[in-house]
Amino acid sequence: MEKDMNVRSLIRDNISKRKNSIDKLMPKFFFLMASVSIITTIGIVMTLITDAIKFFEKVSFAQFFSADLAPLNANNPTFGILPLITGTVLSSLIAMMVAIPVGLTAAMYLSEFATEGTRRVIKPIMEVLAGIPTIVYGFFAYSFVTPLLMELIPSLEAKNVLSPGIVMGIMIIPMVASLSEDAMNAVPNAMREGAYGLGSTKLEVTIKVVLPAAISGIMASFVLAISRAIGETMIVAIASGSSKNLTFDITKSMQTMTGYIVEFTSGDAGSGTTGYYSLYAVGLLLFIFTLVMNLIAQYISRKYREEY
Amino acid sequence: MTNYENKVVYDVRDLNLWYGNDQALKNINLKINKNEVTAIIGPSGCGKSTFIKTLNRMIENIPSVRTTGQILYHGLNIFDKSIKVEELRTRVGMVFQKPNPFPKSIYENVLYGPKIHGIKDKNVLQEVLETSLKSAALWDEVKDRLHDNAYGLSGGQQQRLCIARCLAVQPDVILMDEPTSALDPIATAKIEELIDSLKSDYSISIVTHSMQQAGRISDKTAFFLMGDLIEFDQTEVIFSNPRDKRTEDYITGRFG
Ligand SMILES: Nc1ncnc2c1ncn2[C@@H]1O[C@H](COP(=O)(O)OP(=O)(O)O)[C@@H](O)[C@H]1O
Ligand SMILES: [Mg+2]
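Residues numbered from 1 in each chain as written. Chains lettered and ligands numbered in written order. Predicted model: local features only at pLDDT ≥ 70, side-chain atom pairs only at ≥ 80, totals over all residues. Heavy atoms only, no water.

Details of the overall build of chain B
Per the secondary structure count, chain B includes ten helices and ten strands. Reported as C-alpha extents along the three principal axes, the dimensions of chain B are approximately 55 × 45 × 35 Å. Relative to its full complement of 256 residues, chain B shows a buried share of 57%. Put simply, 68% of the contacts in chain B that link residues at least 6 apart link residues at least 24 apart. (Helix = DSSP H or I, 4+ residues; strand = E, 2+ residues; numbered from the N terminus. Buried < 20%, exposed > 50% of the residue type's maximum accessible area, 1.4 Å probe, protein only. Contact = heavy atoms within 4.5 Å.)

Written as structure tokens, this is what we have:
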């Protein structure tokens, strides 16, 4: 008893002596660190906006949203963005047509059919796939996939939007698979048991019960993947070329918004020229595209969150 | 699976079950009769859930499980290669400890079974929907909101919905694993009443940790202890005049 009393008074002593300064300071420090990312984001957006405004002082909205893109024309440069939007949207669409079916099937397999052992082998491999630098994918698209596709489609141009679209899709598969698998894994086992108890096969449980129950997470993974495809730069810059004509023919070269920015930042668009400011306008639009996608993803996962 | 007029629905013979190297059921022998309620009691971890999940081979979803012995269902061994497990489970329905409706509408929940088994006729489906919900004593409470999400229902209603979902495939046996343990006393009383009314059409096997519940609703009671079936008899006998000392100790609350 004597001892207990001693510990108690020691603790009381220590508490009363404790300096509160560290306890007060640390949270402020943590907050500061957390703010860094927010402040940087705000800084970037502000730069984009101010320079984009300078661009629109020189170029009208009507021209910006037109199909005439000839930024290098010395006498009469034009800055219509429609060809870039088409390039971005088409390459992203092709990517999704590869990534969604493959990624979702892989997720269903991993979550519902694979044994624990198989899962433990496949998951890390997928993560490696996700860690390959995109320049490698770009090179792969240009020097391997395009020649391969040329065998099938003789009219395919050396630079085209189809090949980088497919390769972007391959790059995004692990993301779709992994996020969708997380969503399916989160479906309580009780739900599966209920379905098995009614005589469902494993396939029926997967498609009719698990998939609908995980739909919000799965949709969110799709949208995040689209946003990733829209922002992807290296692959399209290398393999889809820089044609600035408005076309919907995926065997032809097209430039994406990101590709345009790469071309102009690595070229010699002098500071202060309209071409220079156009980078900010395109960048801002790209930012808005991906922001909207991410907001949609958040909205979907919140709105369609299954209650169980 | 032919002769439904058998008085014996399940004839369990020398059933042993292991999870890996741990034996969870030891040489179980018992018969479950048509139109009777069989209660399975015993302290937690004694193998009640394991046993009941073996009856519709749900236990096989756990990869490490191994069994020996036979379970004859209307004379056919359910472990036989010729038995389709999906078919067995449409004959032998199951209700779980926690209500587990699908995150779909009440309507979709009840008709899930008939639909996956290929019933498409709208009139048939409507008929099944209504009779199942009526048999589960839920129709009056939900008939005006059949297309609402099942998770808007109370716990007790959800459990009756799960019973309706199970009835919709017109099973022969209903297995219930502590179906009222997550419910309040009023909801529990409703389910017990329901079990009593279902008895005339179905054979029911129910796991319960409540001795009072076993006493109120069952015809026969099986007492399990550490994987052994200690005693199996008429419920009155088990409760008033058990043969085994361990049964008596458990019934009188001396352990468990
Ligand atoms: N999935 C499992 N893997 C390994 N052992 C299990 C598993 N499920 C249950 N057991 C074991 O089997 C025994 C019986 O469990 P269970 O049938 O759930 O008992 P009850 O339902 O009577 O509480 C317990 O010892 C338990 O630890
Ligand atoms: Mg149990």
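So that's the structure; there's more coming.
Notes on the overall build of chain A
Summing up its helical and strand segments, chain A has 13 helices and two strands in all. Computed over its C-alpha atoms, the radius of gyration of chain A comes to 26 Å, more than 25% above the 19 Å expected for a compact globule of 308 residues. Taken along the three principal axes of its C-alpha coordinates, chain A extends 95 × 60 × 35 Å. In chain A, which comprises 308 residues, the share counted as buried stands at 43%. Considering only contacts within chain A whose residues lie at least 6 apart along the sequence, 72% involve residues at least 24 apart. With the model as given, the accessible surface of chain A reaches about 16,500 Å², and the carbon-plus-sulfur share is 68%. Charge-centre separation for chain A: the mean point of 23 positive side chains lies 10 Å from the mean point of 22 negative side chains. (Rg over C-alpha atoms; globule rule 2.2 N^0.38 Å. Areas by Shrake-Rupley, 256 points an atom, 1.4 Å probe, with all protein chains shown as cover. Lys, Arg positive; Asp, Glu negative; His and termini not counted. Charge placed at Lys NZ, Arg CZ, Asp CG, Glu CD.)

What about the domain arrangement of chain A?
Residue and element names in this part refer to chain A. Domain annotation of chain A identifies domain 1 (2–57) and domain 2 (69–304). Spacing between the C-alpha centres of domain 1 and domain 2 amounts to 37 Å. Contact with domain 1, which involves nine residues of that partner, is made by ten residues of domain 2. Of the roughly 840 Å² buried between domain 1 and domain 2, counting both surfaces, carbon and sulfur atoms make up 87%. Broken down residue by residue, the surface that domain 1 buries against domain 2 is led by L48, D51 and F55, which jointly contribute 63%. For the pair domain 1 and domain 2, the number of links is zero salt bridges. Across the contact surface, domain 1 and domain 2 share zero residue pairs in polar contact (both at pLDDT 80 or more). Per-class residue counts for the side of domain 1 that touches domain 2 are six nonpolar, one polar and two charged. (Domains from an automatic or database assignment. Buried area = accessible area lost by both parts, 1.4 Å probe. Salt bridge = Lys/Arg side-chain N within 4 Å of Asp/Glu carboxyl O. Polar contact = N/O pair within 3.5 Å; in protein donor to acceptor, adjacent residues only side chain to side chain. Nonpolar A, V, L, I, M, F, W, Y, C, P; charged D, E, K, R; others polar.)

A closer look at unusual backbone geometry
Residue and element names in this part refer to chain B. Of note in this structure, N27 is not a glycine but carries a positive phi near 50 degrees. Here N27 shows up in strand β2 (residues 22–33). The partly exposed category is assigned to N27, whose relative accessible area is 44%. At Q170, a residue that is not glycine, the phi angle is positive and equals roughly 50 degrees. Looking at Q170, the relative accessible area reads 63%, which means it is exposed.

Details of the side chain of S203 of chain B
All names here are of chain B. Mapped onto the elements of the fold, S203 is located in strand β8 (residues 203–207). Accessibility expressed as a relative area gives 1% for S203, which makes it buried. Apart from the residues within four sequence positions on either side, S203 is in contact with V9, N33, K34, N35, E36, D172, V173 and I174.

Some details on the nonpolar core
All names here are of chain B. Counting residues in hydrophobic clusters, the biggest one holds 80 residues, and the most contacted among them are Y10, I28, F51 and F224. With sequence-adjacent residues up to four places away left out, Y10 is seen in contact with L30, K31, I32, L55, N56, I71, L72, Y73, V92 and V173. In terms of nonpolar packing, the next biggest core, distinct from the first, is built from 45 residues, L111, L161, F223 and I230 among them. (Core = buried A, V, L, I, M, F, W, Y, C linked by side-chain atoms within 4.5 Å.)

Quick word on the pairing of β2 of chain B
Residues and elements named next belong to chain B. Pairing between strand β1 (residues 8–19) and β2: eight bridges, direction antiparallel. Of the residues in β2, the one forming a bridge with D11 is K31. Linking β1 to β2, which pair antiparallel, is a turn of two residues; within it G20 sits at a positive phi near 60 degrees. (Pairing = 2+ DSSP bridges.)

Description of the confidence of the model for chain B
Per-residue confidence for chain B gives a mean pLDDT of 93, with 97% of residues at or over 70. Taken together, the chains of this predicted complex give a pTM of 0.85 and an interface ipTM of 0.92. (pLDDT = per-residue confidence, 0-100.)

Quick look at the interface of chain B and chain A
Listed per partner, the contact involves 22 residues of chain B and 20 residues of chain A. Carbon and sulfur atoms supply 62% of the area that chain B and chain A bury against each other, a total of about 1,700 Å² over both sides. Contact with chain A buries area across many residues of chain B, yet P103, Y112 and I116 of chain B alone supply 29% of it, more than any other trio. For the interface between chain B and chain A, the tally reads one salt bridge. Between K53 of chain B and E193 of chain A there is a salt bridge, and its shortest N-O distance comes to 3.7 Å.

Topic: the pattern of salt bridges
Using the criterion set out here, one finds 22 salt bridges over all chains in the structure. A single network of salt bridges, built from pairs that share partners, joins E116, R119, K123, E181 and D182 of chain A.

A few points about the packing of helix α4 (residues 122–135) of chain B against helix α6 (residues 155–167) of chain B
Residue and element names in this part refer to chain B. Two elements in contact, α4 and α6, have axes separated by 8 Å at closest approach and are oriented at 130 degrees. The angle between the axes of α4 and α6 places the two elements in the oblique class. Crossing handedness for the pair α4 and α6: right-handed. Here α4 contributes S132, L133 and S135 to the contact with α6, which in turn contributes L161, A164 and L167. Split by residue class, the contact of α4 with α6 holds four nonpolar, two polar and no charged. (Axes fitted to C-alpha atoms, helices over the stretch in contact; angles between N-to-C directions. Parallel < 35°, antiparallel > 145°, perpendicular 65-115°, else oblique. Left-handed = near helix turned anticlockwise from the far one by under 90°.)

What to know about the layout of surface pockets
The space that makes up the largest pocket amounts to roughly 770 Å³. Around the largest pocket, the lining comprises 29 residues; the ones closest to its centre are Y196 and K202 of chain A together with N61, I62 and P63 of chain B. Residue assignment for the lining of the largest pocket shows that the elements contributing at least two residues are α4 (82–113), α5 (116–131) and α8 (189–196) of chain A together with α1 (48–55) and α2 (85–91) of chain B. Here the lining of the largest pocket gets four residues from one element, more than from any other, and that element is α8 of chain A. Residues of the lining of the largest pocket, tallied by class, amount to nine nonpolar, nine polar and eleven charged. (1 Å grid on protein atoms, 1.4 Å probe; cavity = no way out; pocket = protein on both sides within 12 Å on 5 of 7 lines; lining within 4 Å. Points joined across faces, edges and corners; volume = space filled by probe spheres on them.)

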